[in-house]
Amino acid sequence: MARVGAQPENLLERIAFRANLGPWPVVTSMFAPPAGRVLQVAARVGVFGELARGPVTAAQLADRLELREPGAKLLLDALAASEIVHERGGRYELERRARRWLDPDSDTSVLGFLADNAEYWAWWSQLEDLVRDGRSVAMHDRPPDDPYWRTYIRGQFELARLSAPEVARGLKLAQGATDVVDLAGGHGWFGARLCERHPDLRATVVDLPGSVAAAREIAAAEGYADRVAYVEGDVLTGDLGGPYDLALAFNIVHHLSPDQNVELLRRARAILRPGGSVAVLDLFTRPAGKRPDSSAYLGLFFHLTSGAETYSPAELAGWLAEVGFGTPRRVRVRAIPNQTLYQATARS
Ligand SMILES: C[S@@+](CC[C@H](N)C(=O)[O-])C[C@H]1O[C@@H](n2cnc3c(N)ncnc32)[C@H](O)[C@@H]1O
């Protein structure tokens, strides 16, 4: 792991922190937020694109990106503190291990996701409202022409690029399957990868208008527009079309209440052909008694941005049973930590 600017710097500091002599809560409170923000801003202003071309001085970077030099230099130093770049003789170079994720030309670049994370800053600033009064942000209620949809769906596409090959390999299709629907599928990349693997398959995405507009742009730019049909609609109330052999519900369950999830799965069940199945990819809560890990931040984030929750695999299994699916099969996905995929077949 790269440093996040929040760990002790040297042996003496480490010993002091182990012995509880240093104010470690101050270190987290003071340094963890800017460590993330520095990455997001560097992604937004184009720092990594320049660094990917070769080492630069702060003055060169400022000149090329039309930034102020003092700020550019301090931003680069902060990236060096997080071990994302290193500095030699006044020139800053991207760490080799960071290239995979931060070079815009890498197939596994997450720069768009980091740029989108900058939007989260305003939401996190409302955390106190959430814990005091239960007031959450409605992140999907923005108007369709809000530029936010572009950065949001681009970021989701980049994450999907990482896990889609494993997901496509792990999902089982009924014999002769021809249609998959991706409910709240955003960019549509999961369907596109499934179609690549199963050439007789057609993919349809149903999503909100702002998301669909952004997704069409991404699909055209990335060259998969011919493999996916996009339909504007609310998955809880709109026409889902059909029939289909497989329905995907990826990273949507955590945005919905339990009742809405039952409704979503009931609607998915209703549009499936006999022998069809539903697949749910999401973050689930850890088993009771296990100490929370970093997924606790995500649980809090989902609660903040949708008023919803993360749920347990048992809750999902209960909803599936309630609307007519069999026991879900767990499919291992390693590309994105914290995510789990379940697939359940409709009972006849
Ligand atoms: C976190 S993104 C996940 C996108 C994609 N499924 C994935 O896993 O990469 C959540 C998606 O749900 C969509 N969404 C949220 N509420 C929705 C609703 N009521 N009907 C349709 N889509 C919805 C959003 O527009 C967004 O595309």
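Remember, predicted model here, so these are calculated numbers, not experimental data.

Rules behind the numbers
- Residues numbered from 1 in each chain as written.
- Predicted model: local features only at pLDDT ≥ 70, side-chain atom pairs only at ≥ 80, totals over all residues.
- Heavy atoms only, no water.
- Helix = DSSP H or I, 4+ residues; strand = E, 2+ residues; numbered from the N terminus.
- Pairing = 2+ DSSP bridges.
- Phe/Tyr/Trp six-rings, centres within 6.5 Å; stacked < 30°, edge-to-face > 60°.
- Buried < 20%, exposed > 50% of the residue type's maximum accessible area, 1.4 Å probe, protein only.
- Near = heavy atom within 4 Å.
- Polar contact = N/O pair within 3.5 Å; in protein donor to acceptor, adjacent residues only side chain to side chain.
- Areas by Shrake-Rupley, 256 points an atom, 1.4 Å probe, with all protein chains shown as cover.
- Nonpolar A, V, L, I, M, F, W, Y, C, P; charged D, E, K, R; others polar.
- Domains from an automatic or database assignment.
- Axes fitted to C-alpha atoms, helices over the stretch in contact; angles between N-to-C directions.
- Contact = heavy atoms within 4.5 Å.
- Salt bridge = Lys/Arg side-chain N within 4 Å of Asp/Glu carboxyl O.
- Parallel < 35°, antiparallel > 145°, perpendicular 65-115°, else oblique.
- Left-handed = near helix turned anticlockwise from the far one by under 90°.
- Expected span 1.5 Å × (residues − 1).
- Bend = angle between axes of the 7 residues up to and from the residue.

*Asks:* An account of unusual backbone geometry is requested, with residue identities and associated values reported.
*Replies:* Between Gly 242 and Pro 243 the backbone carries a cis peptide bond, its omega angle lying at 5 degrees. Structurally, Pro 243 can be placed in the loop between strand 6 (228-232) and strand 7 (244-250). One non-glycine residue with positive phi stands out, namely Glu 66, at about 55 degrees. Tracing the backbone through its elements, the reader meets Glu 66 in the loop between helix 4 (58-65) and helix 5 (69-81). In the Ramachandran plot, Ala 184 falls in the positive-phi region, its phi being about 60 degrees despite a non-glycine side chain.

*Asks:* Account for the pairing of strand 2 (residues 85-88), naming residues and giving values.
*Replies:* As paired strands, strand 2 and strand 3 (residues 91-94) are joined by four bridges and run antiparallel to one another. Each residue of the ladder has a partner; that of Glu 87, found in strand 3, is Tyr 92. Between the antiparallel neighbours strand 2 and strand 3 lie two residues, among them Gly 89 with a positive phi of about 55 degrees.

*Asks:* Just give me the short version of the packing of aromatic side chains, but keep the residues and values in it.
*Replies:* According to the stated counting rule, one finds 14 aromatic pairs in the structure shown. With centroids separated by 4.5 Å and ring planes inclined at 35 degrees, the aromatic side chains of Tyr 120 and Phe 301 adopt a geometry described as tilted. One end of the pair, Tyr 120, is in helix 7 (residues 111-124); the other, Phe 301, is in helix 13 (residues 295-306), with 181 residues separating them in the sequence. Overall, Tyr 120 belongs to the buried group, its relative accessible area being 12%. Ring geometry for Phe 190 versus Phe 250: centroids 4.8 Å apart, planes at 90 degrees, classification edge-to-face. Note that Phe 190 is positioned in helix 10 (residues 189-197) and Phe 250 in strand 7, a separation of 60 residues in sequence. Across this residue pair, the class does not change: Phe 190 and Phe 250 are buried. Taken together through their ring pairs, the aromatic side chains of Tyr 120, Trp 123, Trp 124, Tyr 148, Trp 149, Tyr 152, Phe 301 and Phe 302 make up a single cluster.

*Asks:* Which residues make up the site of the ligand, and what values do they have?
*Replies:* Neighbouring the ligand are 20 residues, the closest being Ala 184, His 187, Asp 207, Phe 250 and Asn 251. A distance of 2.7 Å is found between an oxygen atom of the ligand and a side-chain nitrogen or oxygen belonging to Asn 251. Taking 590 Å² as the accessible area of the ligand by itself, protein coverage stands at 95%. Partitioned by chemical class, the residues of the shell around the ligand number nine nonpolar, nine polar and two charged.

*Asks:* An account of the domain arrangement of the protein is needed here, citing residue identities and associated values.
*Replies:* By the assigned domains, the protein splits into domain 1 (11-106) and domain 2 (130-345). Between the C-alpha centres of domain 1 and domain 2 the distance comes to 33 Å.

*Asks:* Can you break down the sheet that holds strand 5 (residues 202-207) residue by residue, with the values?
*Replies:* Each strand in a sheet pairs with its neighbour through backbone hydrogen bonds, running either in the same direction (parallel) or in the opposite one (antiparallel). With mixed pairing, seven strands are arranged side by side in an open sheet as 6-5-4-7-8-10-9. Taken across any chain shown, the strands that pair with only one partner, and hence form the sheet edges, are strand 6 and strand 9 (329-331). Across this sheet, the average inter-strand angle for adjacent strands is 20 degrees, counted without regard to direction. Sitting on the sheet, helix 11 (residues 209-222) is in contact with strand 5 and strand 6, with an inclination near 160 degrees to strand 6.

*Asks:* Help me get a handle on the pattern of salt bridges, residues and values and all.
*Replies:* Two side chains that carry opposite charge are able to pair once their charged atoms sit near each other. Taken as a whole and assessed by the stated rule, the structure comprises 19 salt bridges. A salt bridge links Glu 263 to Arg 266, with the nearest nitrogen and oxygen atoms 3.9 Å apart. Of the two residues, Glu 263 and Arg 266 are both situated in helix 12 (residues 258-270); the distance of three residues between them amounts to about one turn of the helix. Using a relative accessible area of 31% as the deciding quantity, one classes Glu 263 as partly exposed. What makes Arg 266 partly exposed here is its relative accessible area of 41%. One salt-bridge network, held together by shared partners, links Asp 179, Arg 202, Asp 245 and Arg 273.

*Asks:* Which residues make up the packing of helix 4 against helix 5, and what are the values?
*Replies:* At a closest axis distance of 8 Å, the pairing of helix 4 and helix 5 adopts a crossing angle of 120 degrees. Relative to helix 5, the element helix 4 is oriented oblique. At the point where helix 4 passes helix 5, the crossing takes the right-handed sense. Residue-level contacts link Ala 58, Ala 59, Leu 61 and Ala 62 of helix 4 to Glu 69, Ala 72, Lys 73 and Leu 76 of helix 5. Looking at the contact of helix 4 with helix 5 residue by residue, the class counts come to six nonpolar, no polar and two charged.

*Asks:* Can you explain helix 9 (residues 148-170)? Please cite residues and give values.
*Replies:* The terminal C-alpha atoms of helix 9 lie 32 Å apart, and with 23 residues this matches the ideal 33 Å at 1.5 Å per residue to within 8%. Of all bends in helix 9, the biggest is about 50 degrees, found at Ser 163, and the proline Pro 165 comes one to four residues later.

*Asks:* Tell me what's going on with the sheet that holds strand 2, and back it up with residues and numbers.
*Replies:* The three strands are arranged 1-3-2 in an open sheet whose pairing can be described as antiparallel. The open sheet terminates on both sides in strands that have one partner only, identified here as strand 1 (56-57) and strand 2. Here strand 1 pairs with strand 3 via two bridges, running antiparallel. Considered in strand 3, the bridge of Val 56 is made with Tyr 92.

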